[in-house]
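Listed below, chain by chain, are the residues.
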Amino acid sequence: MRRLLGGALALFSLHASEWPNYGNDPGGMRYSPLKQIHRGNVQRLKVAWTFHTKEYSPEMRNTRTNRVTAFEATPIVVDGVLYFSTPQNRVIALDAESGKELWVYDPQADAAGKRRTNQHRGVAYWPGRAGVPPRILYGNLEARLIALDARTGRPCPDFGNDGYVDLRKGVADNFPKGRYSITSPPTVYKDVVISGSAVQEGPSKGPAGDVRAYDAKTGNLVWQFHTVPRPGEFGHDSWAGDSWKDRSGVNAWSIMTVDAERGIVYLPIGSPAYDFYGGDRHGANLFGNSVVALDAATGKRIWHFQMVHHDVWDYDLPAHPTLVTAKGKPAVAQVTKMGFVFVLDRVTGKPVFPVEERAVPQSRTPGEASSRTQPFPVKPPPLSKLNVERDEITTLSAESRKFCMELFDSLEMRGIFTPWGPRMTLMMPGTLGGATWSGASFDPESNYLFVNANELGGVGLMKEQPEGSPMRYSRSSPWGAYARFADLDGYPCQQPPWGTLNAIDLNTGEIAWRVPLGFLESLESKGLTNTGAPSLGGTIATAGGLVFIAGTGDRRFRAFDVRTGKLLWEGKLPAGGHATPMTYQGRKNGRQYVVIAAGGGGYFSESVADALVAFSLPE
């Protein structure tokens with residue numbers, strides 16, 4: 001085990017008390033060797049400090065989504081300082097032991113009018129090099145890659161254009177109004193910082209989703225990887241005709257991870273635009289919906305594995321590839337919205353557990369040419385339902401059951417990968433089903449992979465658009481473009497559990513344990529507290545034998561036993577914690593802290609707060 005994990009364990013020996021990357025180690029295991037907090041004392045956890053960002057109010061809504069933007073950041077801790085980002089894209093540094101503010105960088109300080117927000121998951125740390133002090137690197141909603149002095153929070157004048165690089169240049173020049181922003185922290189490998197992007201899901205033509213690397217000191221471009229291959233590049237023939245030109249989507253909007261020992265960066269690539277109709281892009285559409293392994297120093301492709309061919313379901317890869325050990329091999333695990341978990345050899349990309357190409361339903365939408373097969377992992381088993389039977393419809397109330405039965409009977413359903421068509425269709429899982437950007441964590445002692453999964457279906461049909469529209473067909477329904485399989489109160493139409501926490505044994509590929517995760521507060525008064533609930537925000541594992549997770553809208557922060565899934569502790573939060581937690585040890589006082597962003601809002605919480613909350617054992 002020590003030989004296989006190699007660089008990760010070496011990193012732990014250097015940073016055992018800290019959390020220097022989004023996933024702690026560069027490979028995203030989200031594991032800490034700290035064990036001051038353990039199975040025997042976790043029930044004594046108390047709030048140690050709370051920091052308020054002073055950003056949130058119920059009226060503060062994202063102008064694009066009309067929802068209060070969730071506080072999704074996972075802080076990092078280096079040299080006793082905690083750094084995190086906010087929905088307004090501010091970066092804040094705190095004393096990690098007291099939660100006292102050290103500095104704030106505000107990119108909207110001089111902006112007039114209403115302050116803008118978008119989801120933002122964190123920042124990256126670069127330790128510097130000879131004569132150059134450490135830096136905090138992050139991208140913002142203005143598509144700027146910004147370098148801040150880690151000591152002061154001031155922009156570094158020798159980086160790019162007085163502290164920033166304009167990421168729109170070279171990928172969005174022809175689409176000045178096309179969406180292009182950064183929602184996840186970049187990835188640092190040695191002296192390069194690697195950035196993805198959040199681009200539009202429709203229409204199909206727009207800014208490119210290319211992944212680029214920059215010199216962490218100067219901001220100069222080091223390499224660029226075309227996520228839509230150009231003529232002469234590998235994979236170009238997977239795009240019919242000129243459909244590759246100006247194609248948007250196919251982007252790494254989530255977190256990338258690095259095998260620092262081997263110099264490989266792993267990209268989770270999203271769907272081609274438009275997400276639900278591919279009549280203008282016949283073919284498999286590489287590198288859409290693929291894990292792509294690149295030489296981190298040069299950007300050259302080493303291998304790829306496509307997990308959805310010609311995506312028309314918005315089944316983009318939502319989470320970081322997690323470096324693990326599986327069946328005794330160095331591997332990478334990729335969770336998906338389908339509820340599938342693909343486990344691949346880290347060096348070759350070959351499946352560690354078998355993957356089969358199986359026939360799937362074909363599209364009935366004019367002009368579409370869906371893939372005849374899709375890849376299905378034989379192991380691990382799916383984490384979410386791939387279908388719903390009539391006897392599984394909700395019994396929550398007579399009214400709910402009547403509505404859901406009538407809806408169910410009206411829908412076309414041919415199993416997972418049924419393309420949206422001219423009839424109202426049910427898809428399980430839907431776009432917020434399966435595993436989301438919440439991702440996975442890995443415990444190297446048990447060899448368990450921990451994944452929270454949602455049981456949410458989607459309903460819709462393809463509606464032809466007027467002549468001259470940018471898209472020939474668009475997904476629609478009486479309840480909006482992203483309608484869920486739910487009753488009139490928003491509760492899922494199938495019986496619970498509606499959300500689960502899963503442990504996968506990577507020695508065997510089997511589910512080691514599965515438990516419902518959370519409940520819906522609106523049903524608590526009726527005594528329904530073990531329904532499981534949809535979640536956004538993932539897990540971490542610790543050497544204390546614990547799995548920590550918030551994620552649900554019930555304003556709870558929980559700790560489970562790594563080996564059994566038994567709930568050991570539950571703490572109340574001021575709002576839903578729709579973020580992934582982290583843990584570290586104080587440099588002076590030696591206390592272990594567990595920190596979670598609790599802002600509510602987003603898809604699953606009506607509660608709203610502005611809190612970053614740290615828990616620890618009583619002194």
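Structure first, text after, so check above.
It should be emphasised that the depicted structure is a prediction, and the values quoted were computed from it without experimental measurement.

### What to know about the overall build of the chain
And step 1. The secondary structure content of the chain amounts to 4 helices and 39 strands.
And step 2. For 619 residues, the compact-globule formula gives about 25 Å, and the C-alpha radius of gyration of the chain, at 23 Å, lands near that figure.
And step 3. The 619 residues of the chain split such that 64% are buried.
And step 4. Of all intrachain contacts in the chain linking residues separated by at least 6 positions in sequence, the fraction that spans at least 24 positions is 61%.
And step 5. In the structure as shown, the chain presents an accessible area of about 22300 Å², 49% of it carried by carbon and sulfur atoms.

### Some thoughts on the nonpolar core
A general tendency of soluble globular proteins is for nonpolar side chains to be buried together.
And step 1. Formed by 39 residues in total, the largest nonpolar core has its most connected members in Trp49, Leu82, Phe548, Phe557, Tyr584 and Leu612.
And step 2. Elements with a minimum of two residues in this core: strand S2 (46–52), strand S4 (81–85), strand S5 (91–95), strand S34 (546–549), strand S35 (556–561), strand S37 (582–585), strand S38 (592–600) and strand S39 (608–616).
And step 3. Looking at which element gives the most residues to this core, the answer is S38, with 6 residues.
And step 4. In this structure, Leu612 is in contact with Trp49, Thr50, Phe51, Phe71, Pro75, Leu82, Phe84, Leu94, Val595, Ile596 and Ala597, ignoring residues within four places of it in sequence.
And step 5. Residues Tyr31, Ala319, Ala440 and Phe560 belong to the second largest nonpolar core, which totals 33 residues.

### Describing the sheet that holds strand S31 (residues 499–505)
And step 1. One open sheet holds the 4 strands; their spatial order is S27-S28-S31-S32, and the pairing between them is antiparallel. Both edges of this open sheet fall to strand S27 (440–443) and strand S32 (510–516), since each of them pairs with a single strand only. Sheet twist, expressed as the average angle between the axes of neighbouring strands with direction ignored, equals 20 degrees.
And step 2. Pairing between strand S28 (residues 448–454) and S31: 7 bridges, direction antiparallel. In the sheet register, Leu449 faces S31, and the bridge partner there is Ile504.

### Some thoughts on the side chain of Thr53
And step 1. Mapping Thr53 onto the fold places it in the loop between S2 and strand S3 (76–78).
And step 2. If sequence neighbours within four positions are ignored, Thr53 has contacts with Phe71, Phe84, Thr86, Arg90 and Asp610.

### Details of the pairing of S27
And step 1. On S27, burial covers both faces: Ala440 and Phe442 on one face and Ser441 and Asp443 on the other are all buried.
And step 2. Looking at chain direction, S27 and S28 are connected through 4 bridges and run antiparallel. In the strand pairing of S28, Ala440 is matched with Val451.

### Some details on the pattern of salt bridges
In a structure, side chains of opposite charge can pair up when their charged atoms sit close to one another.
And step 1. Here the structure, examined in full by the defined rule, presents 29 salt bridges.
And step 2. Across the pair Asp215 and Arg129 runs a salt bridge whose closest N-O atoms are separated by 3.4 Å. Note that Asp215 is positioned in strand S15 (residues 211–215) and Arg129 in the loop between strand S7 (124–126) and strand S8 (135–139), a separation of 86 residues in sequence.
And step 3. Arg129 sits in the partly exposed class, given a relative accessible area of 29%.
And step 4. Lys337 is the salt-bridge partner of Asp316, the closest N and O atoms lying 2.5 Å from each other.

### Observations regarding the environment of Val192
And step 1. The topology assignment puts Val192 in strand S13 (residues 192–195).
And step 2. Ignoring any residue separated from it by four or fewer positions in sequence, one finds Val192 in contact with Thr187, Tyr214, Ala216, Val222 and Ala296.

### A few points about the sheet that holds S2
And step 1. The strand order across the open sheet formed by 4 strands is S2-S39-S38-S37, and the pairing between neighbours is antiparallel. Each of the sheet's edge strands pairs with one partner strand only, and the pair in question is S2 and S37. Each strand axis lies, on average, 25 degrees off the axis of its neighbour in the sheet, ignoring direction.
And step 2. With 6 bridges joining them, S2 and S39 adopt antiparallel strand pairing. Counterpart to Val47 in the pairing with S39 is Phe615.

### Quick word on the packing of aromatic side chains
And step 1. Tallying each qualifying case throughout the model produces 27 aromatic pairs.
And step 2. Ring centres of Phe305 and Phe342 lie 5.8 Å apart, and the angle between their planes is 55 degrees; this geometry places the pair in the tilted category. Taken together, the positions of Phe305 in strand S20 (residues 301–306) and Phe342 in strand S23 (residues 341–345) put the pair 37 residues apart, joining distant regions of the chain.
And step 3. Pairing Trp313 with Tyr315 gives two aromatic rings, centres 6.1 Å apart and planes at 25 degrees, and the pair type is stacked.
And step 4. For Trp313, a relative accessible area of 2% translates into the label buried.
And step 5. By the ring-pair criterion, three or more aromatic residues cluster together here, those being Phe305, Trp313, Tyr315, Phe340, Phe342, Phe376 and Phe417.
And step 6. A cation sits over an aromatic face here: Arg301 above Phe234, 3.7 Å from the ring centre.
And step 7. One cation-aromatic arrangement involves Arg475 over Phe276; the distance from NZ or CZ to the ring centre is 5.0 Å.

### A short note on the side chain of His226
And step 1. By the element assignment, His226 lies in the loop between strand S16 (221–225) and strand S17 (257–259).
And step 2. Here Glu233 takes part through its side chain, which lies 2.9 Å from a polar atom of the side chain of His226.
And step 3. Ignoring anything within four residues of it in the chain, the contact list for His226 reads Asp210, Glu233 and Phe287.

### Thoughts on the environment of Glu392
And step 1. Looking at the element boundaries, Glu392 is found in the loop between strand S25 (373–377) and helix H3 (398–410).
And step 2. For Glu392 and Ser184, which are 208 residues apart along the polypeptide, the C-alpha to C-alpha distance reads 37 Å.
And step 3. A distance of 2.8 Å separates the side chain of Glu392 from the side chain of Lys385, its partner in a polar contact.
And step 4. One polar contact links the side chain of Glu392 to the main-chain amide nitrogen of Glu389, over a distance of 2.7 Å.

### Observations regarding the environment of Pro492
And step 1. Assignment of secondary structure puts Pro492 in the loop between strand S30 (473–476) and S31.
And step 2. Taking the C-alpha atoms as reference points, Pro492 and Gly458, separated by 34 residues in sequence, lie 10.0 Å from one another.
And step 3. With residues near it in sequence (within four places) discarded, Pro492 still touches Thr394, Glu455, Leu456, Phe485, Ala486 and Trp498.

What counts as what
- Residues numbered from 1 in each chain as written.
- Predicted model: local features only at pLDDT ≥ 70, side-chain atom pairs only at ≥ 80, totals over all residues.
- Heavy atoms only, no water.
- Helix = DSSP H or I, 4+ residues; strand = E, 2+ residues; numbered from the N terminus.
- Rg over C-alpha atoms; globule rule 2.2 N^0.38 Å.
- Buried < 20%, exposed > 50% of the residue type's maximum accessible area, 1.4 Å probe, protein only.
- Contact = heavy atoms within 4.5 Å.
- Areas by Shrake-Rupley, 256 points an atom, 1.4 Å probe, with all protein chains shown as cover.
- Core = buried A, V, L, I, M, F, W, Y, C linked by side-chain atoms within 4.5 Å.
- Pairing = 2+ DSSP bridges.
- Axes fitted to C-alpha atoms, helices over the stretch in contact; angles between N-to-C directions.
- Salt bridge = Lys/Arg side-chain N within 4 Å of Asp/Glu carboxyl O.
- Phe/Tyr/Trp six-rings, centres within 6.5 Å; stacked < 30°, edge-to-face > 60°.
- Lys NZ or Arg CZ within 6 Å of the ring centre and 35° of its normal.
- Polar contact = N/O pair within 3.5 Å; in protein donor to acceptor, adjacent residues only side chain to side chain.

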